[in-house]
Amino acid sequence: MKVIMYGTGICQDCVKAKEVLKDYSNIELDYRNITETTTVLKEFLAYRDHESMFAPFVEAGKIGIPFFILEDGRKTFELSDFVDIEKSEIQSSIGSCSIDGKGQC
């Protein structure tokens, strides 16, 4: 299964998610670092600015990463939506990176 993941190395949730996905041989990960180039950042912001699923994150001053787009077009913030893993196993607050730096990252 192909999975696009938007994230950054300065977000602990993203680092954890990327590490977990490395262990799944059936996942072909297309990792896109939003802090690496403005092209990737703009690509991510196009989703963030136009997808209603981001509204709670925007309202809370959070970024909304890691963000996954699955091969079938589904979009999610949750690894458990497409890999056999319990949310508690990754101890993550997916999408919790806050703009003010006070949220978990």
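Each remark here, short or long, concerns the structure printed above.
Below or above, wherever it landed, is the structure these notes cover. Since the structure is predicted, the reported quantities are computational estimates derived from the model, not experimental observations. (Residues numbered from 1 in each chain as written. Predicted model: local features only at pLDDT ≥ 70, side-chain atom pairs only at ≥ 80, totals over all residues. Heavy atoms only, no water.)

Turning our eyes to something else, we now look at helix α2 (residues 38-50). Between its first and last C-alpha, α2 extends 18 Å over 13 residues, near the 18 Å set by a 1.5 Å rise per residue. Residues Val40, Phe44 and Arg48 constitute the buried set of α2. Viewed along the axis of α2, the buried residues span an arc of 70°, placing them on a single side of the element. For α2, exposure combined with an orientation more than 90 degrees from the buried face picks out Thr38, Thr39, Lys42, Asp49 and His50. Summarising the contacts, the buried residues of α2 are in contact with β1 (2-7), β2 (28-33), α3 (55-59) and β3 (67-70). (Helix = DSSP H or I, 4+ residues; strand = E, 2+ residues; numbered from the N terminus. Expected span 1.5 Å × (residues − 1). Buried < 20%, exposed > 50% of the residue type's maximum accessible area, 1.4 Å probe, protein only. Arc of directions from axis to C-beta. Contact = heavy atoms within 4.5 Å.)

Our focus in this paragraph is the pattern of salt bridges. Summed over the entire model, instances satisfying the criterion amount to five salt bridges. Between Lys75 and Glu51 there is a salt bridge whose closest N-O contact spans 3.3 Å. Within this pair, whereas Lys75 is found in strand β4 (residues 75-76), its partner Glu51 is found in the loop between α2 and α3, the two being separated by 24 residues in sequence. With a relative accessible area of 31%, Lys75 lands in the partly exposed category. The class for Glu51 is partly exposed, based on a relative accessible area of 26%. For Asp72, the salt bridge identified is with Arg74, shortest N-O distance 2.8 Å. Since its relative accessible area comes to 42%, Arg74 is described here as partly exposed. The network of salt bridges with common partners includes Asp30, Arg32 and Glu43. (Salt bridge = Lys/Arg side-chain N within 4 Å of Asp/Glu carboxyl O.)

Next up on the list: the environment of Ser25. In this fold, Ser25 is placed in the loop between α1 (12-22) and β2. A C-alpha to C-alpha distance of 9.4 Å links Ser25 and Met1, two positions 24 residues apart in sequence.

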